[in-house]
Amino acid sequence: MKRTNYTQPALKTKRGVPLREQSESEVQAAVIELLRKAGYLVIRFNSGGLRDGKRFVAFYHIFGAEKPASGFPDVAAFKGGKCLLLEVKRRTGKPSEAQEQFREYAAQHGVTVATVRSVEDVLRLINGK
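Residues numbered from 1 in each chain as written. Predicted model: local features only at pLDDT ≥ 70, side-chain atom pairs only at ≥ 80, totals over all residues. Heavy atoms only, no water.

Student: When you look at the overall build of the chain in this model, what are you seeing that I'm missing?
Tutor: Along the backbone of the chain there are 3 helices and 7 strands. What you see in the chain, going N to C, is helices and strands ordered as β-α-β-β-β-β-β-α-β-α. Taking all 129 residues of the chain together, 33% fall into the buried category. Taking the intrachain contacts of the chain between residues at least 6 apart in sequence as the baseline, contacts between residues at least 24 apart amount to 65%. Accessible surface for the chain amounts to roughly 8,500 Å². Of this, 53% is attributable to carbon and sulfur atoms. (Helix = DSSP H or I, 4+ residues; strand = E, 2+ residues; numbered from the N terminus. Buried < 20%, exposed > 50% of the residue type's maximum accessible area, 1.4 Å probe, protein only. Contact = heavy atoms within 4.5 Å. Areas by Shrake-Rupley, 256 points an atom, 1.4 Å probe, with all protein chains shown as cover.)

Printed below as a string of structure tokens:
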């Protein structure tokens, strides 16, 4: 199984002073903005669900998956008949066990889930570099 997992170097100024790392939500917002400007139809997925009395209702269900209500990527982007499934992480973030399990399940069906940590990662992905 081929894993797509991009990283970027430590964030520092020209004088070597560390910069504040972007939060995952800041990276996600920048990724979504880039994809929309590039002409993609973008859908952001929320995990979790809500309680309806005694019953928990998940926001989505992945049929056939080991954990049917967790692990789906943060963003799906569509353009020209192609779909990108993106798990967005901050520079030092790691995918959860459920996210890794979904990545493996998707790969069994010929679908790639890319972990991206910056807009530069997305540019490399959409430009095929």
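Student: Looking at this structure, I do not really get the pairing of strand β7 (residues 113-116). What am I missing?
Tutor: Here is the key point about a regular strand: its side chains alternate between the two faces of the sheet. Of the two faces of β7, the one carrying Val113 and Thr115 and the one carrying Ala114 and Val116 are both buried. By the bridge criterion, 4 bridges tie strand β6 (residues 82-88) to β7 in an arrangement that is parallel. What sits directly across from Leu85, in β7, is Val113. A crossover connection joins β6 to the parallel β7 through helix α2 (residues 97-108); in handedness this β-α-β unit is right-handed. (Pairing = 2+ DSSP bridges. Right-handed = clockwise from strand over helix to strand, strands pointing away.)

Student: Where do I start with the nonpolar core in this structure?
Tutor: What tends to happen in soluble globular proteins is that the nonpolar side chains get buried as a cluster. Counting residues in hydrophobic clusters, the biggest one holds 13 residues, and the most contacted among them are Val31, Leu35, Val75, Leu84, Leu86, Val116 and Val122. Elements represented by at least two residues in this core include exactly α1 (24-37), β5 (75-79), β6 and β7. A total of 4 residues in this core trace back to one element, the largest contributor, which is α1. Counting 9 residues, the second-largest nonpolar core is a separate cluster that includes Tyr60, Phe102, Tyr105 and Val113. (Core = buried A, V, L, I, M, F, W, Y, C linked by side-chain atoms within 4.5 Å.)

Student: Help me understand the packing of aromatic side chains in this model?
Tutor: Scanning the model with the defined rule gives 3 aromatic pairs in all. Ring geometry for Phe45 versus Phe72: centroids 4.7 Å apart, planes at 75°, classification edge-to-face. Note that Phe45 is positioned in the loop between β2 (41-44) and β3 (49-52) and Phe72 in the loop between β4 (55-58) and β5, a separation of 27 residues in sequence. Through a chain of ring-to-ring contacts, three or more aromatic side chains come together here, namely Phe45, Tyr60, Phe72 and Phe102. (Phe/Tyr/Trp six-rings, centres within 6.5 Å; stacked < 30°, edge-to-face > 60°.)

Student: Looking at this structure, I do not really get the side chain of Asp74. What am I missing?
Tutor: The residue Asp74 is located in the loop between β4 and β5 in this model. It turns out Asp74 is buried and unbridged, and the closest side chain with the opposite charge, Lys89, is 5.6 Å from it. Within polar-contact distance, the side chain of Asp74 engages the backbone nitrogen of Val88 at 2.8 Å. Contacts of Asp74, omitting those with residues within four sequence positions, involve Glu24, Gln28, Ile43, Arg44, Phe45, Leu86, Glu87 and Val88. (Lys, Arg positive; Asp, Glu negative; His and termini not counted. Salt bridge = Lys/Arg side-chain N within 4 Å of Asp/Glu carboxyl O. Polar contact = N/O pair within 3.5 Å; in protein donor to acceptor, adjacent residues only side chain to side chain.)

Student: How should I be thinking about the packing of α1 against helix α3 (residues 119-126) in this particular structure?
Tutor: When two helices pack together, you describe them by how their axes are tilted relative to each other and by the distance separating the axes. In contact at an axis separation of 9 Å, α1 and α3 are set at 35° when each is read in the N-to-C sense. The way α1 lies across α3 gives a crossing that is right-handed. Along its contact with α1, which presents Ala30, Val31, Leu34 and Leu35, the element α3 presents Val119, Val122, Leu123 and Ile126. Grouping the amino acids of the contact of α1 with α3 by side-chain chemistry returns 8 nonpolar, no polar and no charged. (Axes fitted to C-alpha atoms, helices over the stretch in contact; angles between N-to-C directions. Left-handed = near helix turned anticlockwise from the far one by under 90°. Nonpolar A, V, L, I, M, F, W, Y, C, P; charged D, E, K, R; others polar.)

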